[in-house]
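Listed below are the residues making up each chain.
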Amino acid sequence: MLAYPNGELFSRRDLAIKSRAATPKYGTFTRQQVTDQINPNMLSKAPPVPIPQLQPTGNTPCQKKEFKNLSCDFGEGVYMGWTGKIYIDINLARDVIAEDKCNIKNSGEKRILGEYNEIESNPSHDFKCLKLACNKYEWQFAIRGPSGTEFEGGIYHGVVKFSEGYPSKPPSIMFLTKNGRFKIQTNISSRLLSNWQSPRSVRNALLTLIEEMPTYPDGDEEFDSVKYNKYNKEERRALAIKSRAAAPKYGTPECQKVIDVIHQYMLSNAPPVPQPQLSSPSQTSKQHEHFYFQNHGAKRKHGILRSMNEALDPMITKNNWVFFFVSTFLLSSILFGFWSSRQE
């Protein structure tokens, strides 16, 4: 092992220490039983792992460390194998001690947590974000439709997904609520965050999304917005009203619980849905008159009702009674004249 072509000292030492933690998984059930018996026996006779003495090679705490006073970089490791093939798990994290000291991989997580705490400490009525306990790289959010537009009063849910390169790389944002502008469950960050820079934040991205929602470029099947003229303002208005009724269904039960909590929060802070403006009384009267004659003119002309369930027109009812009395009077006069002539 010592004479084999050289690799990296630090990595081999980590493997030696980790080899004591657990038996590797390999082969059949019977072979695994044998392997599990060997490992405790080797550990019981193995001396303690020597603590490496780390010597910084520079002034910065995150520079590489070198080992000193180690008799062998494989020392005190427990290596399982069988004749003809050595089994070593090489899918291990490298430079474990240095990474834990410098916390390099956690820098993105710190930034995400910092942004989340800032949003929680300065809440907004325009949007709400909640993180998932099972996934620190995913947030659920909802935004309020911008005022003075067909989206006003709507509650639009979505997902923010962070990459491991955040904040150097922009987050992925997608909608879950049908809105008539953006496709659902489609990443809309390609154009919305095309000029992303690390000083920007998710708060700024969501506020930009609200601002650009009414004027976002209409696309087609290849882009992140719905096809041009697929929805008009009235249809988007109807979707805005419908979005308040219930939260969308998405993800695991834990994820759905977070979505429902956000929806109730947004509803509690949402203004009433604006009612459509009615026409003036004179216009309403003329429209009603036009509607009346359109629906009842044909019935008067033909003297029948279109349906047995329709109410009788009062004008038709009055004219029918007049016709009945006049007809009865004329018929009585004719019969009386005929009877008088027979008597003579």
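What counts as what
Residues numbered from 1 in each chain as written. Predicted model: local features only at pLDDT ≥ 70, side-chain atom pairs only at ≥ 80, totals over all residues. Heavy atoms only, no water. Helix = DSSP H or I, 4+ residues; strand = E, 2+ residues; numbered from the N terminus. Buried < 20%, exposed > 50% of the residue type's maximum accessible area, 1.4 Å probe, protein only. Contact = heavy atoms within 4.5 Å. Areas by Shrake-Rupley, 256 points an atom, 1.4 Å probe, with all protein chains shown as cover. Expected span 1.5 Å × (residues − 1). Arc of directions from axis to C-beta. Salt bridge = Lys/Arg side-chain N within 4 Å of Asp/Glu carboxyl O. Phe/Tyr/Trp six-rings, centres within 6.5 Å; stacked < 30°, edge-to-face > 60°. Lys NZ or Arg CZ within 6 Å of the ring centre and 35° of its normal. Patch = residues over 30% accessible without salt bridge, like charges linked within 9 Å, V, L, I, M, F, W, Y side chains within 5 Å. Lys, Arg positive; Asp, Glu negative; His and termini not counted. Charge placed at Lys NZ, Arg CZ, Asp CG, Glu CD. Core = buried A, V, L, I, M, F, W, Y, C linked by side-chain atoms within 4.5 Å. Pairing = 2+ DSSP bridges. Axes fitted to C-alpha atoms, helices over the stretch in contact; angles between N-to-C directions.

Novice: I'm lost on the overall build of the chain in this one. Help?
Specialist: The secondary structure content of the chain amounts to ten helices and eight strands. Buried residues in the chain amount to 32% of all 344 residues. Look at the contacts in the chain between residues 6 or more apart in sequence, and 58% of them connect residues 24 or more apart. Accessible surface, the chain as shown: approximately 23,100 Å² in total, 58% of it carbon and sulfur.

Novice: In this structure, what is going on with unusual backbone geometry? I would like to understand it.
Specialist: As a rule of thumb, non-glycine residues mostly have phi less than zero, and peptide bonds are mostly trans rather than cis. The omega angle of the peptide bond from Tyr 166 to Pro 167 is 10°, so this bond is cis rather than trans. As for its position among the elements, Pro 167 is in the loop between β7 (155-161) and β8 (172-175).

Novice: Please explain helix α4 (residues 107-121) as it appears in this structure.
Specialist: Each α-helix winds once per 3.6 residues, and so residues spaced three or four apart point in a common direction. In a regular helix each residue adds 1.5 Å, so 15 residues correspond to 21 Å; α4 covers 21 Å between its end C-alpha atoms and thus fits that length. Within the sequence span of α4, burial applies to Gly 108, Ile 112, Glu 115, Tyr 116 and Ile 119. Around the axis of α4, the buried residues are gathered within 100° of arc, so they sit on the same side. Turned more than 90 degrees from where α4 packs its buried face, Lys 110 and Ser 121 sit exposed. Residues of α4 that are buried make contact with β5 (127-132), β6 (135-144) and α6 (202-212).

Novice: Sorry, what's going on with the pattern of salt bridges here?
Specialist: Side-chain pairs of opposite charge can arise whenever the charged atoms involved come near each other. A complete count under the given rule lists six salt bridges for this structure. Taking the shortest distance from any N to any O, the salt bridge between Lys 128 and Glu 120 comes out at 3.5 Å. Classification of Glu 120 as partly exposed rests on a relative accessible area of 35%. Linking Glu 150 and Arg 236 is a salt bridge whose minimum nitrogen-to-oxygen distance equals 3.6 Å. Within this pair, whereas Glu 150 is found in the loop between β6 and β7, its partner Arg 236 is found in helix α7 (residues 233-242), the two being separated by 86 residues in sequence. By relative accessible area, Arg 236 is classed as buried at 7%.

Novice: Looking at this model, I keep getting lost on the packing of aromatic side chains. Mind explaining?
Specialist: How two aromatic rings sit relative to each other is given by the distance of their centres and the angle of their planes. Following the criterion strictly, the structure yields eight aromatic pairs and no others. Their ring planes at 75° and their centres at 4.8 Å tell us that Phe 162 and Tyr 166 sit as a pair that is edge-to-face. For Phe 162, a relative accessible area of 8% puts it in the buried group. A relative accessible area of 3% places Tyr 166 in the buried class. Where Tyr 166 meets Trp 196, the ring centres are 6.0 Å apart and the plane angle is 40°; that geometry is what we call tilted. Here Tyr 166 is found in the loop between β7 and β8, whereas its partner Trp 196 is found in the loop between α5 (189-192) and α6, with 30 residues between them in sequence. Trp 196 matches Tyr 166 in its accessibility class, with the two residues each being buried. Put simply, the rings of Tyr 116, Trp 139, Phe 162, Tyr 166 and Trp 196 touch in pairs and so form one group of aromatic residues. A cation sits over an aromatic face here: Lys 128 above Tyr 265, 4.8 Å from the ring centre.

Novice: Any chance you could explain a positive patch on the surface here in plain terms?
Specialist: The grouping of Lys 178, Lys 227, Lys 230 and Lys 242 at the surface amounts to a positive patch. Structurally, Lys 178 is set in the loop between β8 and α5. Assessed through its relative accessible area of 48%, Lys 178 is described here as partly exposed.

Novice: So what exactly am I meant to see when it comes to the nonpolar core here?
Specialist: Formed by 43 residues in total, the largest nonpolar core has its most connected members in Trp 139, Phe 141, Ile 143, Phe 162 and Leu 209. Looking at this core, the elements that each hand over two or more residues are α4, β5, β6, β7, β8, α6 and α8 (253-269).

Novice: How should I be thinking about the sheet that holds β5 in this particular structure?
Specialist: Remark on secondary structure: sheet strands pair via backbone hydrogen bonds, oriented parallel or antiparallel. Overall, antiparallel pairing links the four strands, which are arranged β5-β6-β7-β8 in an open sheet. The open sheet terminates on both sides in strands that have one partner only, identified here as β5 and β8. On average, each strand axis in the sheet is inclined to that of its neighbour by 25°, with strand direction left out of account.

Novice: When you look at the environment of Val 226 in this model, what are you seeing that I'm missing?
Specialist: Residue position: Val 226 is located in the loop between α6 and α7. Exposure remark for Val 226: the relative accessible area of 9% places this residue in the buried category. The spacing of Val 226 and Gly 180 is 46 residues in sequence and 6.7 Å in space, taken between C-alpha atoms. Discounting chain neighbours no more than four positions away, the residues touching Val 226 are Gly 180, Arg 181, Phe 182, Lys 183, Asp 218, Gly 219 and Tyr 231.

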